[in-house]
Amino acid sequence: MAHYYKEESHTFNEYLLIPGYTDENCIPANVSLKTPLVKYRPAVEEPAITMNIPMVSAIMQSVSGEKMGIALAKEGGIAFIYGNQPIESQAEMVSKVKSYKAGFVVSDSNIKPDATLKDVVAKLKETGHSTMAVTDDGSAHGKLLGVVTSRDYRLSKLSMDTKVEEFMTPFESLVYGEEGITLSEANDVIWDHKLNTLPVIDKDQKLCYFIFRKDYDSHKENPNELLDHNKRYVVGAGINTRDYEQRVPALIEAGADVLCIDSSEGFTVWQQRTIKWIRDNYGDTVKVGAGNVVDEEGFRFLVNAGADFVKIGIGGGSICITRETKGIGRGQATAVIAVEKARRKYFEETGIYVPICSDGGIVYDYHIALALAMGADFVMLGRYFARFDESPTNKLMINGNYVKEYWGEGSNRARNWQRYESEGHLSFEEGVDSYVPYAGALKDNVTVTTSKIKSTMCNCGAITIKDFQEKAKLTLVSATSIVEGGAHDVIVKNKDNH
């Protein structure tokens, strides 16, 4: 006989938080959004990876490329580079994030000494960058022979055939840093010598990076940036249950800090086999999340298999149509509450804390706060991040408004059959192809969202996520109450008119 759950299945939209006592310490400036990403034993150790904000980007073609990886790490979160691509290109994306050092810029405007002023002008038009490295082979990491900036030439005074080596600032006249210099040390050199840029070279005089004066302020604006022990950005990558024996080694070699199995359903023998292979070959050194699940049984299955974190949610994403095509899923709020209960029991039994991630069902910023209050350690977001400049999709003008393309991994456009355990094709769609309103830069939006979360936590008397989860009081709301919660019975002014 089929099992019937007695409680209804609820979404985040059906809950509200009840205010708690707020003391003088409960102000947004004091709130910490640090949260563990992978399992650990709180009594004896710190998590191997702790994020500074509880937000990761979805494992999707239309969301998580290398630009998203860099931008989100700057804000303290993690992007999971999408796996529905050749192994080589995914590994390259991971490598690009890892090779990007905050404030350390690999030169993309390079020229040979025997090139001409005409070539310099063409390069300036191509890249828009007036600072050019002069290297022996014209590459970003060739032997540094000099630097050309706009101060080194005047078009009205020099012939376009003049060789670069005749007007460049030669290496002997350059102030430079050596490989291993910290950003703080580099900025001291820049300010002490009144420089606009500082080249960094290795022991063989080969160019490693440029450090620009203008990037100093940018670095100071990212106090939450998430770095590994080598001061490189932390990045994740998606894997599937098909080619993991080839994909995992390539991603680890590229520097991925954490992996996550990308699947619409995590309670499967295939995820169990994938995790077992990783544990057999890498032990606990490779961190891997798994999912998605929506109940206690699914959670216990994945942690017993060896998952470092567990993802919750089936059919709750804005472009996911699993529920309407297959009748599979659960309201996201109910799923998070159920899995958190299972996580708590597992912790009591073992002393191991396994982070849980709410994946899907986030429509408004306050839904993130609700997910955290219900026990999620972080949320995975697709539509939210797809709207930003840093997502890899096209920005288009549709009906007078800017939008970005956004499609699900279960759509025909993505053709990601690997995540659905299909045999080389999709029999039917579980995701749609769509547009989302363009929202600008990631940093601006994440700053607003995290400010809202901090303010909500203060209203509940909490300044850490753990505090929030312990103190939060939640209530179900009626349909009428949901309507009352927004602006109503008024004519809202057009923002352009006041």
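So, the side chain of threonine 131: which residues are in play, and what are the values?
One can find threonine 131 in the loop between α3 (117-127) and β7 (132-135). Once you skip the residues sitting within four places of it in the chain, threonine 131 turns out to touch Ser109, Val147, Val148, Thr149, Thr197, Phe210 and Phe212.

An account of the packing of aromatic side chains is requested, with residue identities and associated values reported.
Each pair of aromatic rings is reported with the distance of its centres and the angle of its planes. Tallied over the full model, the rule gives 17 aromatic pairs. Geometrically, the ring pair formed by phenylalanine 347 and tyrosine 353 is edge-to-face, given 6.2 Å between the ring centres and 80° between the ring planes. Phenylalanine 347 sits in the partly exposed class, given a relative accessible area of 32%. Measuring from centroid to centroid gives 5.0 Å for tyrosine 384 and phenylalanine 385, while their planes differ by 90°, and the two rings are edge-to-face. In terms of burial, tyrosine 384 and phenylalanine 385 fall into one category: buried. Linked through ring pairs, Tyr40, Phe347 and Tyr353 together constitute an aromatic cluster. Over the ring of tyrosine 5 we find arginine 330; its NZ or CZ atom is 4.6 Å from the centre of that ring. A cation over a ring is seen here: lysine 395 above tyrosine 402, with NZ or CZ 4.5 Å from the ring centre.

Pulling in residues and values, what's your account of the environment of glycine 103?
In this structure, glycine 103 sits in the loop between α2 (87-99) and β6 (110-111). Looking at glycine 103, the relative accessible area reads 11%, which means it is buried. A sequence separation of 106 residues divides glycine 103 from tyrosine 209, and the C-alpha atoms of the two residues are 9.2 Å apart. For glycine 103, the contacting residues outside a window of four places in its chain are Leu183, Phe210 and Ile211.

Talk me through the sheet that holds strand β20 (residues 401-407); I want residue IDs and the actual numbers.
Read across the open sheet, the three strands follow the order β19-β20-β21; overall the sheet is antiparallel. Looking along the sheet, the strands with just one partner apiece sit at the ends: β19 (395-398) and β21 (433-437). Neighbouring strand axes in the sheet, compared pairwise and without regard to direction, differ in orientation by 50° on average. By the bridge criterion, five bridges tie β20 to β21 in an arrangement that is antiparallel. Paired with glutamate 405 across the strands is tyrosine 435, a residue of β21.

Go over the sheet that holds β6 with me, naming the residues and quoting the values.
On the basis of which strands lie adjacent, the open sheet formed by four strands has the order β6-β7-β8-β9 and mixed pairing. The sheet terminates laterally at β6 and β9 (169-170), the two strands that pair on one side only. Sheet topology places strand β8 (residues 144-148) next to β9; two bridges connect them, and they run antiparallel. What sits directly across from valine 147, in β9, is threonine 169.

Give a detailed account of the state of the cysteines, specifying residues and quantitative values.
All chains considered together, the criterion is met by zero disulfides. Left unpaired, cysteine 26 is separated from the closest cysteine sulfur, that of cysteine 458, by 5.6 Å.

Describe a negative patch on the surface, and please don't skip the residues or the numbers.
Where like charges cluster on the molecular surface, the negative patch consists of Asp114, Asp119, Glu165 and Glu166. Tracing the backbone through its elements, the reader meets glutamate 166 in helix α4 (residues 164-167). Glutamate 166 sits in the exposed class, given a relative accessible area of 58%.

Any details on unusual backbone geometry? Residues and values, ideally.
Omega for the bond connecting glycine 291 with asparagine 292 falls within 30 degrees of zero, at 10°, which places this linkage in the cis form. Turning to its location among the elements, asparagine 292 is positioned in strand β15 (residues 288-293). A positive phi is found at lysine 194, a non-glycine position, where the angle reads about 55°. Tracing the backbone shows lysine 194 in the loop between α5 (183-192) and β11 (197-201). In this structure lysine 194 comes out as exposed when scored by relative accessible area, which is 71%. Unlike most non-glycine residues, asparagine 399 shows phi in positive territory, near 55°. Along the chain, the position of asparagine 399 falls in the loop between β19 and β20. Of the residues examined, asparagine 399 reaches a relative accessible area of 75% and is grouped as exposed.

Give me the lowdown on the pattern of salt bridges, citing residues and values where you can.
Following the criterion strictly, the structure yields 17 salt bridges and no others. Here lysine 276 and aspartate 280 are joined by a salt bridge, their closest N and O atoms 2.8 Å apart. In this pair, lysine 276 and aspartate 280 are both assigned in helix α8 (residues 269-282), four residues apart and thus about one turn of the helix distant. For aspartate 280, a relative accessible area of 54% corresponds to the exposed category. Notably, a salt bridge pairs arginine 300 with glutamate 349, separated by 2.9 Å at the nearest N-O pair. One end of the pair, arginine 300, is in helix α9 (residues 296-305); the other, glutamate 349, is in helix α11 (residues 332-350), and 49 residues separate them in sequence. A relative accessible area of 48% places glutamate 349 in the partly exposed class. What you see here is one network of salt bridges that share partners, running through Lys98, Asp228, Arg232 and Asp257.

The rules behind these values
- Each chain has its residues counted from 1, running along the sequence as written.
- Reporting in this predicted model follows two pLDDT cut-offs: at least 70 for local features of residues, and 80 or more for side-chain atom pairs to be given and counted; totals over whole chains, interfaces and linings ignore these cut-offs and use all residues.
- Water and hydrogen atoms were dropped before computing side-chain values, which therefore reflect all heavy atoms in the structure.
- Elements are defined by DSSP. Helices are runs of H or I of four residues or more, strands are runs of E of two residues or more, and each kind is numbered from the N terminus.
- What makes two residues a contact is simply this: any of their non-hydrogen atoms within 4.5 Å.
- Note on aromatic pairs: the rings of Phe, Tyr and Trp (six-membered ring only in Trp) are paired at centre separations within 6.5 Å, and the planes decide the class, stacked below 30 degrees, edge-to-face beyond 60, tilted for the rest.
- Relative accessibility decides the category of a residue: with a 1.4 Å probe and only protein chains considered, values under 20% of the type maximum give buried, values over 50% give exposed, and everything between is partly exposed.
- Placement of a positive charge over a ring is assigned whenever Lys NZ or Arg CZ falls within 6 Å of the ring centre and within 35 degrees of the normal to the ring plane.
- Two strands qualify as a pair provided DSSP detects at least 2 bridges between them.
- Interaxial angle, 0 to 180 degrees, is taken between N-to-C directions of lines fitted to C-alpha atoms, where a helix line uses only the stretch in contact.
- A pair of sulfur atoms, both from cysteines and within 2.5 Å, is called a disulfide here.
- Patch members must show over 30% relative accessible area and no salt bridge, and they are joined within 9 Å when carrying like charges or within 5 Å when they are nonpolar side chains of Val, Leu, Ile, Met, Phe, Trp or Tyr.
- Computed by Shrake-Rupley with a 1.4 Å probe, the accessible areas treat only the displayed protein chains as cover when residues are assessed.
- Take a side-chain nitrogen of Lys or Arg and a carboxyl oxygen of Asp or Glu: if they are within 4 Å of each other, that pair is a salt bridge.
- Under the counting rule used here, the positive set is Lys and Arg, the negative set is Asp and Glu, and His together with the chain ends is not counted.
- For this purpose, a charge sits on NZ of Lys, CZ of Arg, CG of Asp or CD of Glu.

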